[in-house]
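Architecture and fold: a report
So you can see what is in the structure, the chains are spelled out below.
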Amino acid sequence: MDDDTIHIHPPLFAALCLITTLTLQYMLPSLRLFHSPHHVMGPLLVTAGLAAMLPAATIFSSRGTTKNPYGEPATFVSSPPYTFTRNPMYLGIMLSLVGLAVWAGSAVMLLAPLAFYLAIDRLVIPREERTMERLFGDEYVQYKARVRRWL
């Protein structure tokens, strides 16, 4: 399948994953996985996700480049947090989805970050990387060799 025919918008897809797994958890409450520690760990993971995502999105906005994975980036951003991961916004969304699953104590909700990861890693990021290589050439290829896709 040509991944250019499928357009996944990461925040909307994350919301869809969350709503789907919340619905499944409501329908299958016996699949609760976590108990009391989740009341602390879940919010910490959500906070970590937001801490990864929001500064990265702010940098894109301040540099006038698009956050739309199907748009044309105006600038190549490689400053922190992009020195630790090439995809801090996606990583932040995924961490937040894990945190919400832990917070809810829901094994079923762990399907949301898994589905998000698979779709973004296999369908969205490869297209973005092709665009970046086309626009920024060897500079981006060297960056890819130096910085991991996720962590």
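Residues numbered from 1 in each chain as written. Predicted model: local features only at pLDDT ≥ 70, side-chain atom pairs only at ≥ 80, totals over all residues. Heavy atoms only, no water.

Before going further, it helps to spend a moment on the environment of Y70. Checked against the element boundaries, Y70 lands in the loop between α2 (38-62) and α3 (88-104). The spacing of Y70 and E133 is 63 residues in sequence and 14 Å in space, taken between C-alpha atoms. Among the polar contacts made by the side chain of Y70, one reaches the main-chain amide nitrogen of I8 at a distance of 2.4 Å. (Helix = DSSP H or I, 4+ residues; strand = E, 2+ residues; numbered from the N terminus. Polar contact = N/O pair within 3.5 Å; in protein donor to acceptor, adjacent residues only side chain to side chain.)

This part is about a nonpolar patch on the surface. Among the surface-exposed residues, Y26, M27 and L28 lie close enough to one another that they form a single nonpolar patch of about 390 Å² accessible area. Residue classification places Y26 among the exposed residues on the basis of a relative accessible area of 72%. (Patch = residues over 30% accessible without salt bridge, like charges linked within 9 Å, V, L, I, M, F, W, Y side chains within 5 Å. Areas by Shrake-Rupley, 256 points an atom, 1.4 Å probe, with all protein chains shown as cover. Salt bridge = Lys/Arg side-chain N within 4 Å of Asp/Glu carboxyl O. Buried < 20%, exposed > 50% of the residue type's maximum accessible area, 1.4 Å probe, protein only.)

Here helix α4 (residues 111-146) is 36 residues long, yet its end C-alpha atoms lie only 30 Å apart, well below the 52 Å a rise of 1.5 Å per residue gives. At F136, α4 shows its largest kink, close to 130°. (Expected span 1.5 Å × (residues − 1). Bend = angle between axes of the 7 residues up to and from the residue.)

This paragraph deals with the pattern of salt bridges. Here the structure, examined in full by the defined rule, presents seven salt bridges. Between R122 and D121 there is a salt bridge, with the nearest N and O atoms lying 3.9 Å from each other. Judged by relative accessible area, which is 53%, R122 ranks as exposed. Overall, D121 belongs to the buried group, its relative accessible area being 10%.

Moving on: the side chain of R127. Position of R127 among the secondary structure elements: in helix α4. Polar side-chain contacts of R127 include one of 3.3 Å to the backbone oxygen of P69.

The subject of this paragraph is the nonpolar core. Within the largest apolar cluster, 31 residues are counted, with the highest numbers of intra-cluster contacts made by I8, Y82, M89, Y90, F116, I120 and W150. Elements represented by at least two residues in this core include exactly α1 (10-27), α2, α3 and α4. The element that contributes the greatest number of residues to this core is α4, accounting for 10 residues. Excluding residues that lie within four positions of it along the chain, I8 makes contacts with F13, P69, Y70, A119, I120, L123 and V124. (Core = buried A, V, L, I, M, F, W, Y, C linked by side-chain atoms within 4.5 Å. Contact = heavy atoms within 4.5 Å.)

Glycine aside, residues mostly have negative phi, and peptide bonds are mostly found in the trans state. Of note, the bond from P80 into P81 is cis; its omega dihedral lies within 30 degrees of zero at 10°. If you trace the backbone, P81 turns up in the loop between α2 and α3.

The next point concerns the packing of aromatic side chains. Within this structure, the stated rule accounts for seven aromatic pairs. Here F76 and Y143 contribute two aromatic rings whose centre-to-centre distance is 5.2 Å and whose plane-to-plane angle is 85°, an arrangement assigned as edge-to-face. Of this pair, F76 sits in the loop between α2 and α3 while Y143 is found in helix α4, placing the two residues 67 residues apart along the sequence. Judged by relative accessible area, which is 2%, Y143 ranks as buried. Aromatic side chains Y117 and W150 sit 5.1 Å apart centroid to centroid with 50° between the ring planes, which places their arrangement in the tilted category. One end of the pair, Y117, is in helix α4; the other, W150, is in the segment after α4, with 33 residues separating them in the sequence. Judged by relative accessible area, Y117 falls into the partly exposed class, the value being 27%. Judged by relative accessible area, which is 11%, W150 ranks as buried. Members of the aromatic cluster, each reached through a chain of ring pairs, are F76, F136, Y140 and Y143. (Phe/Tyr/Trp six-rings, centres within 6.5 Å; stacked < 30°, edge-to-face > 60°.)

Everything listed here is a matter of geometry and, on its own, says nothing about what the molecule does.
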